[in-house]
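Okay, here's what each chain looks like letter by letter:
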Amino acid sequence: MTDLSLPRVPDALPGKRQVAASFSRAAASYDSVAELQRDVGQQLLGRLSPSFIAQRWLDLGCGTGYFTRALGARFGEDSGLALDIAEGMLNHARPQGGAAHFIAGDAERLPLQAASCDLVFSSLAVQWCADFASVLSEAHRVLKPGGVFAFSSLCAGTLYELRDSWRQVDGMVHVNRFRGFETYQQLCADSGLNVVSLENRPHVLHYPDVRSLTHELKALGAHNLNPGRPGGLTGRARILALVEAYEQFRQAQGLPATYQVVYVVLEKPL
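Notes on the structure follow. (Residues numbered from 1 in each chain as written. Predicted model: local features only at pLDDT ≥ 70, side-chain atom pairs only at ≥ 80, totals over all residues. Heavy atoms only, no water.)

**Here we look at the side chain of Glu108**
Considering the arrangement of structural elements, one finds Glu108 in the loop between strand S3 (101-104) and strand S4 (117-123). The exposure class of Glu108 is buried, given its relative accessible area of 12%. Among the polar contacts made by the side chain of Glu108, one reaches the main-chain amide nitrogen of Asp131 at a distance of 3.2 Å. (Helix = DSSP H or I, 4+ residues; strand = E, 2+ residues; numbered from the N terminus. Buried < 20%, exposed > 50% of the residue type's maximum accessible area, 1.4 Å probe, protein only. Polar contact = N/O pair within 3.5 Å; in protein donor to acceptor, adjacent residues only side chain to side chain.)

**Topic: the pairing of strand S1 (residues 57-60)**
A two-sided burial pattern is seen for S1, the buried positions comprising Trp57 and Asp59 on one face and Leu58 and Leu60 on the other. Where S1 lies against strand S2 (residues 80-84), 4 bridges are found, and the strand directions are parallel. Across the sheet, Leu60 pairs through a bridge with Leu83, a residue of S2. Across 3 bridges, S1 lies against S4 in parallel orientation. (Pairing = 2+ DSSP bridges.)

**So, the sheet that holds strand S7 (residues 255-267)**
Read across the sheet, 7 strands follow the order S3-S2-S1-S4-S5-S7-S6 without closing on themselves; strand pairing throughout is mixed. Taken across any chain shown, the strands that pair with only one partner, and hence form the sheet edges, are S3 and strand S6 (194-207). Taking the axes of each pair of neighbouring strands and ignoring which way they run, one obtains an average angle of 15° across the sheet. Alignment of S6 against S7, held across 13 bridges, turns out to be antiparallel. If you follow Val204 over to S7, its bridge partner there is Thr258. Taken strand by strand, helix H4 (residues 66-75) contacts S1, S2, S3 and S4, and its axis lies near 165° from that of S1. (Axes fitted to C-alpha atoms, helices over the stretch in contact; angles between N-to-C directions. Contact = heavy atoms within 4.5 Å.)

Just distances and angles here, no functional claims.
The structure is reproduced here in structure tokens:
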């Protein structure tokens, strides 16, 4: 766990305790607003070869278990493991099934034996891991030779409309920071895993107003978790200034919110 007594650098990712607590609180509301998460996860599943067979699989950062159940339907529930750092998410997912075991754990230090999994699947979870090299190292360790690590994540440029609008209001951190696409490319190249595919694709959602977007981010547990974020309530004048700035991005479909999504499939060498 992150030592909360230590000072944080301004551009650090949020601490693990904070991420776990935020997503635990959002467990009950998450699925009602998780359009992007479902779309991205389905696209990631589609990147697995139809002939691929996983005798033992892991849903890493399983959240509410939506894709745990999809993986269980495809590969068999009895061979599945679902892991998340947020106890609240596990408590929500466990009664719905999909996997044989639901485990509280950290992607950077997996509580699993070496060479125990044919597939590690992770959709929109690892962007919260500060040490992504360790995530890759752990995936390499727990995969069997020929096993696959398929993940989707968010990279720099995500929610740039919201970020740029807040910049016109004040100089504080209001939007979560994510590592750059080039960083993902380099870390994957250095991981010891073979890169089967690696690409960055934007997903754009539209909202009738700013409040709809910020409400959804809070319901997902993905609202601003960054160090350097403002504390306390946001004043009415600043909210009005934000709304005015964001309106400059309006399109016919509504206010756009762009997510830069990284899709990666890696394979452990035989």
